[in-house]
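Observations on chain architecture
These are the residues of each chain, in order.
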Amino acid sequence: MIDFRLGDCLEIMKTLPSKSVELSFTSPPYNRKRNDKYQEFNDINGDWYEMNVNVINELLRVTKNHVIYNIQANYYNRADVYKLIGLFNKEIVDIHIWEKSNPMPASGKAITNAVEYFIVLGSKSLKSNKTYTKNIITTSVNSSMPKEHKAVMKYEVAKHFIKNFTQENDTILDCFLGYGTTAIVCDDLNRNCIGIELKEFYLDMSKKRVEKNKREKAEEQIKQAFIDGMKEQLSISRVVVPKDTLCDNNKNKLGMCNCCGDNNCHDDFCRG
Ligand SMILES: C[S@@+](CC[C@H](N)C(=O)[O-])C[C@H]1O[C@@H](n2cnc3c(N)ncnc32)[C@H](O)[C@@H]1O
């Protein structure tokens, strides 16, 4: 179940009981001191450091296992990022890295920023659902972003964390939901999600993305059931194909061989 909540995350989190979600996975706004990422949200004003301290403390209260807090250190926020890491040094159990294989190049000889941090906080060490899980993940960046929100999380990155560090039916909290990537991953992996977003427009877009995702999955299931049903019928009709009739290897509309029902049949002399 996806539980969408509109409002300031600090206010809404107050209504959540302690240790009521298994994992928190979230990305606060960047604090780039210019509004080049969001059409709806103002990323310029306010005390960004103070806001993060309050949010992380509240996330630690409502979360049973780990808080995974994604930050990209930039020219404007990096002093605050390193201050946050210092402040929460006792709660931080690891810092995972997202390496971008095709980051936006820096100008001239300046260093291209190719990483984002996923700060893992909690009272016990993080354990994965599989062996040999590294604390680094490498992917390309999103090939495009909606014009109203240019800070949408890469689906594969969110999936990596949620798949490896939670179980089916767990509840994951994203208190800065944005365009809802966390909610979509939870929907795909049979996890519950509480998604909080300050801006109604973004929350609506999240809801629409999740609805579309559900629709596409349902259509895919119907298509698969139809294909399975056809395959079954074809295997029955296979029995009645006379053995001396050579197959012309005609494929039906679903791409299956009319004789044996196999999608990959390339045998011009298939006899079923
Ligand atoms: C970096 S984006 C999150 C992107 C998200 N991970 C996604 O995949 O789309 C940060 C989001 O936090 C929202 N936001 C900012 N302050 C907030 C607050 N106090 N409470 C809830 N949401 C807030 C912004 O509107 C923005 O959509």
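Just so we're clear, the structure is a prediction, and the values are computed from it rather than from any experiment.

1. So, the overall build of the protein chain
- Helix and strand counts for the protein chain stand at six helices and eight strands.
- Start at the N end of the protein chain and walk to the C end: the helices and strands fall as β-α-β-α-β-α-β-β-β-α-β-α-β-α.
- Put simply, the protein chain has 272 residues, and 26% of those count as buried.
- Long-range contacts, defined as pairs at least 24 residues apart, comprise 67% of the intrachain contacts of the protein chain with a sequence gap of at least 6.

2. Comments concerning the pairing of strand S3 (residues 63-71)
- Both strand S2 (residues 21-26) and S3 contribute to a ladder of five bridges, which runs parallel. Considered in S3, the bridge of serine 24 is made with valine 67.
- Relative to strand S5 (residues 115-121), S3 runs antiparallel, the two being bridged by five bridges. By the bridge assignment, asparagine 70 is partnered in S5 with phenylalanine 118.

3. A short note on the site of the ligand
- Of all residues adjacent to the ligand, which total 17 residues, the nearest are Met153, Phe176, Gly178, Tyr179 and Thr181.
- Among the residues making up the shell around the ligand, the classes are represented as 11 nonpolar, three polar and three charged.

4. Observations regarding the environment of isoleucine 162
- Relative to the elements of secondary structure, isoleucine 162 occurs in helix H4 (residues 155-165).
- Not counting residues up to four positions away in its chain, the partners in contact with isoleucine 162 are Phe25, Ile172, Val185, Cys186, Leu189 and Arg191.

5. Some details on the sheet that holds strand S1 (residues 2-6)
- The strand order across the open sheet formed by eight strands is S1-S8-S7-S2-S3-S5-S4-S6, and the pairing between neighbours is mixed. The sheet is open, and its two borders are formed by S1 and strand S6 (136-139), each paired with just one other strand. Recorded for the sheet is a direction-independent mean angle of 15° between the axes of neighbouring strands.
- Both strand S4 (residues 92-100) and S6 contribute to a ladder of four bridges, which runs parallel. If you follow lysine 100 over to S6, its bridge partner there is threonine 139.

6. Side note on H4
- Among the residues making up H4, those that are buried are Val157, Ala158, Phe161, Ile162 and Phe165. Viewed along the axis of H4, the buried residues span an arc of 120°, placing them on a single side of the element.

7. Topic: the pairing of strand S7 (residues 171-174)
- A two-sided burial pattern is seen for S7, the buried positions comprising Thr171 and Leu173 on one face and Ile172 and Asp174 on the other.
- Relative to S7, S2 runs parallel, the two being bridged by two bridges. By the bridge assignment for S7, serine 24 is matched with leucine 173.
- Bridge analysis of S7 against strand S8 (residues 192-197) gives four bridges, and the strand direction is parallel. Across the sheet, threonine 171 pairs through a bridge with asparagine 192, a residue of S8.
- Crossover handedness for the path S7 to helix H5 (residues 181-188) to S8: right-handed.

8. Side note on the packing of H4 against H5
- Here H4 crosses H5 at 55°, and the two axes come no closer than 9 Å. Comparing their axes, H5 and H4 come out oblique. The way H4 lies across H5 gives a crossing that is right-handed. On H5, the residues touching Tyr155, Ala158, Lys159 and Ile162 of H4 are Thr181, Thr182, Ile184, Val185 and Cys186.
- Per-class residue counts for the contact of H4 with H5 are six nonpolar, two polar and one charged.

What counts and how
Residues numbered from 1 in each chain as written. Predicted model: local features only at pLDDT ≥ 70, side-chain atom pairs only at ≥ 80, totals over all residues. Helix = DSSP H or I, 4+ residues; strand = E, 2+ residues; numbered from the N terminus. Buried ≥ 20, exposed ≤ 12 C-beta atoms within 10 Å, placed from the backbone. Contact = placed C-beta atoms within 7 Å. Pairing = 2+ DSSP bridges. Near = placed C-beta within 6 Å. Nonpolar A, V, L, I, M, F, W, Y, C, P; charged D, E, K, R; others polar. Axes fitted to C-alpha atoms, helices over the stretch in contact; angles between N-to-C directions. Arc of directions from axis to C-beta. Right-handed = clockwise from strand over helix to strand, strands pointing away. Parallel < 35°, antiparallel > 145°, perpendicular 65-115°, else oblique. Left-handed = near helix turned anticlockwise from the far one by under 90°.

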